[in-house]
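What the coordinates show
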Amino acid sequence: MSDDQGGTPQSPRLRDYVAWHDAYEDPSSSLSARLRQVQAQIAAWLERTPGSVRVLSSCAGQGHDILGVLEERPYDCTRVSGALIEVNPRNAMAAREWIHKLGVDIDVVEADAGTTSAYAGLVPADLVLLSGIMGNISPADIERLVHVSRQFCSRNATVLWTRGAQEPDLGPDIRRWFAEAGFDEIACDEWIEGTGMRVGVEQLTGDPEPLRPGEPIFTFYR
Ligand SMILES: C[S@@+](CC[C@H](N)C(=O)[O-])C[C@H]1O[C@@H](n2cnc3c(N)ncnc32)[C@H](O)[C@@H]1O
């Protein structure tokens, strides 16, 4: 890691991903609109998925999606466990503090989520969160991430992804890549609250794949 702005060995200069979270404090921001939809989809998933469940969030930031939902649903904290992978130490610390307050069994792993090695011991998960990744990596990396996400999944797991409508609009490609990787689409919410934000929900119907550590998946370019 190059600095506390979230640089990775492959991509030393990234946006300030601590300040990036400020948009969540403005309910009228498009990122807040996206977050509300992501949280609604997570809550819906919890409603239809009984028993103990494991969650994995890649590039989790401060964990607003899953932790925000659990804050509203404290009764689910005893049945949810899992891990957040985040490269920025300040974001990781903010997530840890929130998790401590909630008293939920979720680990925060400070690592480069762009390689399969980071997921060792953390998967398979029943819910895989890929929020805020696909707008920051190349199309080839997105396609690889979609296929590799099978390695993060338990049987019938759900994968949630986001990608805005900015050009090139890769939404149709991403949906096709998930289908090719053995997923069925549960939802694809577009133009959320009039913004160009999109939230997809996919369920694995093919077989999960065992994790193959040591494989590169993606590199953030901003
Ligand atoms: C756009 S934000 C999304 C945060 C969160 N998933 C959300 O939707 O609120 C992207 C996050 O990915 C983190 N990140 C960037 N590159 C990463 C990498 N290689 N491994 C792990 N985290 C990374 C950044 O520090 C940032 O917190």
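First, a word on scope: everything that follows refers to the structure included in this document. (Residues numbered from 1 in each chain as written. Predicted model: local features only at pLDDT ≥ 70, side-chain atom pairs only at ≥ 80, totals over all residues. Heavy atoms only, no water.)

**Points about the site of the ligand**
Surrounding the ligand, one finds 19 residues, the nearest of these being Tyr24, Glu86, Asp112, Ala113 and Ser131. In the model, an oxygen atom of the ligand is placed 3.5 Å from a nitrogen or oxygen of the Arg34 side chain. Contacts to the ligand include Ala113, whose backbone N or O atom sits 2.8 Å from a nitrogen atom. Contact with the protein chains hides 99% of the accessible area of the ligand, taken as 600 Å² for the molecule alone. Partitioned by chemical class, the residues of the shell around the ligand number nine nonpolar, seven polar and three charged. (Near = heavy atom within 4 Å. Polar contact = N/O pair within 3.5 Å; in protein donor to acceptor, adjacent residues only side chain to side chain. Areas by Shrake-Rupley, 256 points an atom, 1.4 Å probe, with all protein chains shown as cover. Nonpolar A, V, L, I, M, F, W, Y, C, P; charged D, E, K, R; others polar.)

**Some words on the environment of Asn91**
Within the secondary structure, Asn91 is located in helix α3 (residues 89-102). For Asn91, a relative accessible area of 0% gives the class buried. For the pair Asn91 and Val108, spaced 17 residues apart in sequence, the C-alpha separation works out to 9.8 Å. A polar contact is formed between the side chain of Asn91 and the side chain of Gln62, at a distance of 2.9 Å. (Helix = DSSP H or I, 4+ residues; strand = E, 2+ residues; numbered from the N terminus. Buried < 20%, exposed > 50% of the residue type's maximum accessible area, 1.4 Å probe, protein only.)

**Considering helix α4 (residues 139-148)**
Because an α-helix completes one turn every 3.6 residues, residues spaced three or four positions apart along the sequence face the same direction. Listing the buried residues of α4 in full gives Asp141, Ile142, Leu145, Val146 and Val148. Where α4 is buried, its residues touch β4 (125-130), α5 (171-180) and β6 (183-189). (Contact = heavy atoms within 4.5 Å.)

**Structural notes on the packing of aromatic side chains**
With the rule as written, the count across this model stands at seven aromatic pairs. Relative to Tyr24, the ring of Trp20 has its centre 5.4 Å away and its plane inclined at 80°; by these criteria the two rings are edge-to-face. The class for Trp20 is partly exposed, based on a relative accessible area of 22%. Centroid distance Phe218 to Phe220: 6.1 Å. Interplanar angle 50°. Geometry classified as tilted. Phe220 gets classed as buried once you look at its relative accessible area, which sits at 12%. In textbook terms, an aromatic cluster arises when at least three aromatic residues are bridged by ring pairs, as seen for Tyr17, Trp20, Tyr24, Phe218 and Phe220. (Phe/Tyr/Trp six-rings, centres within 6.5 Å; stacked < 30°, edge-to-face > 60°.)

**What to know about the packing of helix α1 (residues 30-48) against helix α2 (residues 64-72)**
Closest axis-to-axis distance for the α1/α2 pair is 9 Å, and the angle between their directions is 60°. On the basis of the axis angle, α1 is oblique to α2. In the packing of α1 onto α2, the handedness of the crossing is right-handed. From α1, Leu35, Val38, Gln39, Ile42, Ala43 and Leu46 reach across to α2, where they touch His64, Asp65, Ile66, Gly68 and Val69. Grouping the constituent residues of the contact of α1 with α2 by class yields seven nonpolar, three polar and one charged. (Axes fitted to C-alpha atoms, helices over the stretch in contact; angles between N-to-C directions. Parallel < 35°, antiparallel > 145°, perpendicular 65-115°, else oblique. Left-handed = near helix turned anticlockwise from the far one by under 90°.)

**Describing the nonpolar core**
Counting residues in hydrophobic clusters, the biggest one holds 38 residues, and the most contacted among them are Leu56, Tyr119, Met134, Leu145, Ile174 and Phe218. Those elements that place two or more of their residues in this core are β2 (80-86), β4, α4, β5 (153-162), α5 and β6. Other than its neighbours up to four places away in sequence, Ile174 contacts Met134, Ile142, Val146, Trp161 and Arg163. By size, the runner-up hydrophobic cluster in this structure holds 32 residues, among which are Leu46, Ala60, Val80 and Ile99. (Core = buried A, V, L, I, M, F, W, Y, C linked by side-chain atoms within 4.5 Å.)

**Examining the sheet that holds strand β7 (residues 199-204)**
Pairing is mixed across the open sheet formed by seven strands, whose spatial order is β3-β2-β1-β4-β5-β7-β6. Two strands close off the open sheet at either side, each with one partner strand: β3 (105-110) and β6. Ignoring strand direction, the axes of neighbouring strands in this sheet form an average angle of 15°. Direction of pairing for β5 relative to β7: antiparallel, over a ladder of five bridges. Bridge pairing links Trp161 to Gly200 in β7. Each of β2 and β3 is contacted by α3, which is oriented at about 170° to β3, the strand it contacts most. (Pairing = 2+ DSSP bridges.)

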